[in-house]
Amino acid sequence: LPAKSDRPDSGDSAQPASASPANQDLFFETSYTPKLQSMVDEIVDEYAPIAENTLFRTVAKRHEWERAGRRIQDRIKSLLGGFELREENGTVFVWKPGTHEARLSYRSQLKRSTQHIPREEILGLIQANPQVLRSVDPPKAVADLMGLGRLTASTRNRLEACIQDHRRPENS
């Protein structure tokens, strides 16, 4: 696993991992596009599927910016043409081309809000732990497996939807 500071998550993002440092001054210059594309490719290659907002924050942090404003987001979005973008409940996930699967292994080492965890990963967690479906409170059991301290109403609704998706005959 990469060091904690090198892992993107929902609150903060990765620090420079590449040999050549990120350059704030050149970020919007056309000449910087290959360097920026390489950085985006590296992040997506390692962490996909990754929430688009997490990708934005990770790139911004590598450039020592506190946040990813609209111009920064637009610049990064312009480099995502080679990736698969899949929207889920208002969150766009960036996937490496041809890697989408109905279920993925849950990546507990990545600290993310549930909004930034793709549905496919939650389905993979449920599939790997079918006992949660027999629990008195299946969403709470899934939340416990995810290491969530508190189950909010929106997270409960999301987990219930994933459980229902998992129970559908075509998804078994």
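Residues numbered from 1 in each chain as written. Predicted model: local features only at pLDDT ≥ 70, side-chain atom pairs only at ≥ 80, totals over all residues. Heavy atoms only, no water.

(A) Region of interest: the sheet that holds strand E2 (residues 84-88). Taken together, three strands build an open sheet; the order of strands is E1-E3-E2 and the sheet is antiparallel. Because the sheet does not close on itself, it has two edges, and the strands there are strand E1 (50-51) and E2. Alignment of E2 against strand E3 (residues 91-95), held across five bridges, turns out to be antiparallel. The residue of E3 that forms the bridge with Leu85 is Val94. (Pairing = 2+ DSSP bridges. Helix = DSSP H or I, 4+ residues; strand = E, 2+ residues; numbered from the N terminus.)

(B) Structural view of the packing of helix H5 (residues 138-146) against helix H6 (residues 153-167). At a minimum axis distance of 9 Å, the contact between H5 and H6 shows a crossing angle of 105 degrees. In terms of their interaxial angle, H5 and H6 are classed as roughly perpendicular. Counted together, Pro138, Pro139, Lys140, Val142, Ala143 and Met146 of H5 and Arg156, Leu159, Glu160, Ile163 and Arg167 of H6 form the full contact between these two elements. For the contact of H5 with H6, the class distribution of residues is seven nonpolar, no polar and four charged. (Axes fitted to C-alpha atoms, helices over the stretch in contact; angles between N-to-C directions. Parallel < 35°, antiparallel > 145°, perpendicular 65-115°, else oblique. Contact = heavy atoms within 4.5 Å. Nonpolar A, V, L, I, M, F, W, Y, C, P; charged D, E, K, R; others polar.)

(C) Representation of the side chain of Glu121 in the model. Here Glu121 is to be found in helix H4 (residues 119-128). One polar contact links the side chain of Glu121 to the main-chain amide nitrogen of Arg107, over a distance of 2.8 Å. Those residues in contact with Glu121 that sit more than four places away from it in its chain are Leu104, Ser105, Tyr106, Arg107 and Arg112. (Polar contact = N/O pair within 3.5 Å; in protein donor to acceptor, adjacent residues only side chain to side chain.)

(D) Highlighting helix H1 (residues 33-47). With 15 residues, H1 ought to run about 21 Å at 1.5 Å a step, and its terminal C-alpha atoms sit 21 Å apart, in line with that. Looking at H1, one finds that the buried residues are Leu36, Met39, Val40, Ile43, Val44 and Tyr47. Along H1, the residues classed as buried sweep out an arc of 125 degrees about the axis, all on the same side. Against E1, helix H2 (52-62), helix H3 (70-77) and E3 lie the buried residues of H1. (Expected span 1.5 Å × (residues − 1). Buried < 20%, exposed > 50% of the residue type's maximum accessible area, 1.4 Å probe, protein only. Arc of directions from axis to C-beta.)

(E) Focus on the nonpolar core. Core analysis: the biggest nonpolar cluster contains 23 residues, and Phe27, Val40, Val44, Leu55, Val59 and Ile76 have the highest contact counts within it. Counting only elements with at least two residues in this core, the list comes to H1, H2 and H3. Looking at this core, the element that brings in the most residues is H1, giving six residues. Val132, Val142, Ala143 and Cys162 belong to the second largest nonpolar core, which has 16 residues in total. (Core = buried A, V, L, I, M, F, W, Y, C linked by side-chain atoms within 4.5 Å.)

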